[in-house]
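# Observations on chain architecture
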Amino acid sequence: MTRTGTVRWLERLAWGAGALLLLVWGAARLHSVVGTRKELMRFEAARSVRTSPGEASPSSPETPVAATPGEPTPGIVDFTLWSPVRIEAYQASLRASGGAAAVAMLRIQSIGLEVPVLDGTDELTLNRAVGRIAGTARPGEPGNLGIAGHRDGFFRGLKDLARDSPLELETPDGRRLCYRVEDIRIVRPSAIEVLDPTPEPSLTLVTCYPFYFVGSAPERYIVRAVLVSAPAGP
C-alpha cells in the first residue's frame, strides 16, 4: 500500500470511529433522559404522598409552574463536562434494578444542575445520582448535611460555582430549602472535620480534586453552604 493509500485508509478509519462515538453518545443521551425522568417521577410520587390532603404539591397539575429561563430541564442529564468512563458507569447504574427513592432533589441553577440525592455513597449510588454521606444530617433536619458526587460526573460543574451562589434542596414533603455558598476550599482526604456537625443548618458538597486528573485524585473539593430560608414543615 502506498503512503497516499495509507493516509486515506487512516482518514476513513478516523471518520468511522468518530461516527461510532457520536452514535454511542446519542444512545447514552437518550437512555439518560429515560432513567433520570424515572428518578424524578419517583421523587414527585413520594412528594405527592407526603402532601397534606387538599394541599397541592408545588409542581402538581393543579399548581402549574412556569419554566424559569436558564433552569435545567428536568430529567435531562447534560454530559458536556462528563468523562466517557463516567457516562458509561451512569448507563450501567440505570440498568441495575432496585434502589431507594431520592431523599431530596439538589438544584444549582448557576451551573445547570438538577440531580436526585440518594442515601449512601456506594459506587452504584454515585454513578446514577449524588449521595448523602452517612452520619451527616438528613435533608430538612438541623445540622450539617454532607452530599458527595463524582468529580467527572454530576459534580464536575462545581468547578464553576462561586461564593454567594444560591443552592436549593427540595425534600419529598415539598419543602424548598434555600442555601448560599459561604466557602469553597481544597483539603486533604483526611480532613473529615468538614463533615462535623454544625450548630446552624448547613450543606457540604464533597467531590474529588483536581477535576481533570488521571487516576485517583489526591485532594477533595469542598463547598460549604448555609441555610438562608426554609418554609415551615408540613
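Read on for an overview of the structure. (Residues numbered from 1 in each chain as written. Predicted model: local features only at pLDDT ≥ 70, side-chain atom pairs only at ≥ 80, totals over all residues. Heavy atoms only, no water.)

Bringing the nonpolar core into the picture now. If you look at the biggest cluster of nonpolar residues, it comprises 36 residues, and the most contacted ones within it are Leu106, Ile147, Leu158, Leu169, Leu203 and Leu205. Elements with a minimum of two residues in this core: helix H2 (84–95), strand S1 (104–108), strand S2 (113–119), strand S4 (144–148), strand S5 (166–170), strand S6 (176–187), strand S7 (202–209) and strand S8 (219–229). Filtering out sequence-adjacent residues up to four positions away, Leu203 remains in contact with Leu106, Asn144, Leu145, Ile147, Leu167, Tyr179, Val223, Arg224 and Ala225. Core analysis: the second largest hydrophobic core is formed by 7 residues, Ala148, Val187, Ala191 and Ile222 among them. (Core = buried A, V, L, I, M, F, W, Y, C linked by side-chain atoms within 4.5 Å. Buried < 20%, exposed > 50% of the residue type's maximum accessible area, 1.4 Å probe, protein only. Helix = DSSP H or I, 4+ residues; strand = E, 2+ residues; numbered from the N terminus. Contact = heavy atoms within 4.5 Å.)

Cis geometry marks the peptide bond from Tyr209 to Pro210; its omega dihedral reads 5 degrees. For Pro210, the position within the fold is in the loop between S7 and S8. Positive phi is not limited to glycine here, since Asp164 has a value of about 75 degrees. In this structure, Asp164 sits in the loop between S4 and S5. On the basis of relative accessible area, Asp164 is assigned to the exposed category, the value being 53%.

With that out of the way, let us pick up the pattern of salt bridges. Inspection of the entire model under this criterion finds 14 salt bridges. Between Glu170 and Arg107 there is a salt bridge, and its shortest N-O distance comes to 2.7 Å. On the criterion of sequence distance, the pair formed by Glu170 in strand S5 and Arg107 in strand S1 is long-range, its members being 63 residues apart. Given the relative accessible area of 17%, Arg107 is considered buried. In this structure, Arg176 engages Glu170 in a salt bridge whose closest nitrogen and oxygen atoms are separated by 3.8 Å. Salt bridges here are not isolated pairs; linked through shared partners, they connect Arg107, Glu114, Glu168, Glu170 and Arg176. (Salt bridge = Lys/Arg side-chain N within 4 Å of Asp/Glu carboxyl O.)

Bringing the packing of aromatic side chains into the picture now. Summed over all chains, the structure comprises 8 aromatic pairs. Judged by centre distance (5.1 Å) and plane angle (70 degrees), the rings of Phe79 and Trp82 are edge-to-face. A single burial state applies to Phe79 and to Trp82, both of which are buried. Lying across the ring of Tyr212, Arg156 places its NZ or CZ 4.0 Å from the centre. (Phe/Tyr/Trp six-rings, centres within 6.5 Å; stacked < 30°, edge-to-face > 60°. Lys NZ or Arg CZ within 6 Å of the ring centre and 35° of its normal.)

Our focus in this paragraph is the side chain of Arg156. Looking at where Arg156 falls in the secondary structure, it is placed in the loop between S4 and S5. Setting aside anything within four residues of it in sequence, one finds Arg156 in contact with Leu81, Trp82, Ser83, His150, Arg151, Phe211 and Tyr212.

In this section: the pairing of S6. As judged from the 5 bridges shared by S5 and S6, these two strands associate in the antiparallel manner. Considered in S6, the bridge of Leu167 is made with Tyr179. Hairpin remark: S5 followed by S6, antiparallel, with 5 residues in the connecting loop; positive phi at Gly174, about 95 degrees. Relative to S8, S6 is paired through 9 bridges, and the arrangement is antiparallel. Residue pairing in the sheet places Tyr179 in a bridge with Leu227 of S8. (Pairing = 2+ DSSP bridges.)

Further remarks concern the sheet that holds S1. Two orientations exist for strands paired in a sheet by backbone hydrogen bonds: parallel and antiparallel. With mixed pairing, 8 strands are arranged side by side around a closed barrel as S1-S2-S3-S4-S7-S8-S6-S5. Each strand of the sheet is rotated relative to its neighbour by a mean of 30 degrees, with strand direction disregarded. Where S2 and strand S3 (residues 130–132) come together, 3 bridges link them in parallel fashion. When the bridges of S3 are listed, Leu118 appears paired with Gly131. (Axes fitted to C-alpha atoms, helices over the stretch in contact; angles between N-to-C directions.)

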